[in-house]
Amino acid sequence: MDSEILFSEKQKFSQWWLWLILIAVNGLILFGIFKQVIGGQQFGDKPMSNLGLLLTEALILILTILCINFQLETRIKKDGVYVRFFPFHFSFKYYGWDKISKSFTRQYNPISEYGGWGLRLEILGSGKAFSVSGDKGLQLEFIDKKKLLIGTHKVEELTETLNKIGQFKK
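Definitions and limits used
Residues numbered from 1 in each chain as written. Predicted model: local features only at pLDDT ≥ 70, side-chain atom pairs only at ≥ 80, totals over all residues. Heavy atoms only, no water. Helix = DSSP H or I, 4+ residues; strand = E, 2+ residues; numbered from the N terminus. Buried < 20%, exposed > 50% of the residue type's maximum accessible area, 1.4 Å probe, protein only. Contact = heavy atoms within 4.5 Å. Areas by Shrake-Rupley, 256 points an atom, 1.4 Å probe, with all protein chains shown as cover. Salt bridge = Lys/Arg side-chain N within 4 Å of Asp/Glu carboxyl O.

Thoughts on the overall build of the protein
At step 1: Regarding its fold elements, the protein presents four helices and nine strands.
At step 2: The linear arrangement of helices and strands in the protein, starting from the amino end, is β-α-α-β-β-β-β-α-β-β-β-β-α.
At step 3: The principal-axis extents of the C-alpha atoms in the protein amount to approximately 70 × 35 × 25 Å.
At step 4: The buried share of the protein, taken over its 170 residues, is 41%.
At step 5: A sequence separation of at least 24 residues applies to 54% of the contacts in the protein between residues at least 6 apart.
At step 6: As presented, the protein carries roughly 10,000 Å² of accessible surface, and 62% of it is formed by carbon and sulfur atoms.

Given below as structure tokens:
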């Protein structure tokens, strides 16, 4: 098994609107905590309990930390494709070339084909998808007819790597 990495990419969620929503929600709940828990004035017409506000902020903070730590890593080696979508995968998933019938880069529609970005399971025959942003990816089709799309921002470099090792198969 050759361990030389021929292609490597790390991606994180970079949608500005996602961060805007998370910052706004955290800010609103923190304001409510400051006003109600610290200031002693009720927050809103039907206020939550102090404990409810604190637990809500804890959950939203955990979600925010998770989003900060989401990371999609893709590696191409001579023996196959390695992908890890942290925190869903703690170690790399390996897809050997001997199990892949087609491997090519393509443009896709994240919303209509997969229902958005992230870890996506089979929807309407599109197969699985791992993506964090954008609309380009590495399409893998396996000999058992299953499909996997891995999002990429380095389409040209990925295509060049697949061609170089003779694995660009459409």
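Additional details are given in the paragraphs that follow.
Observations regarding the pattern of salt bridges
At step 1: All told, the structure shown has six salt bridges when counted by the stated rule.
At step 2: In this structure, Arg-84 engages Glu-73 in a salt bridge whose closest nitrogen and oxygen atoms are separated by 2.5 Å. Placement of Arg-84 in strand E3 (residues 80-86) and of Glu-73 in strand E2 (residues 71-77) is noted, with a sequence separation of eleven residues between them.
At step 3: The exposure class of Glu-73 is buried, given its relative accessible area of 4%.
At step 4: A salt bridge links Arg-106 to Glu-113; the nearest nitrogen and oxygen atoms lie 2.8 Å apart.

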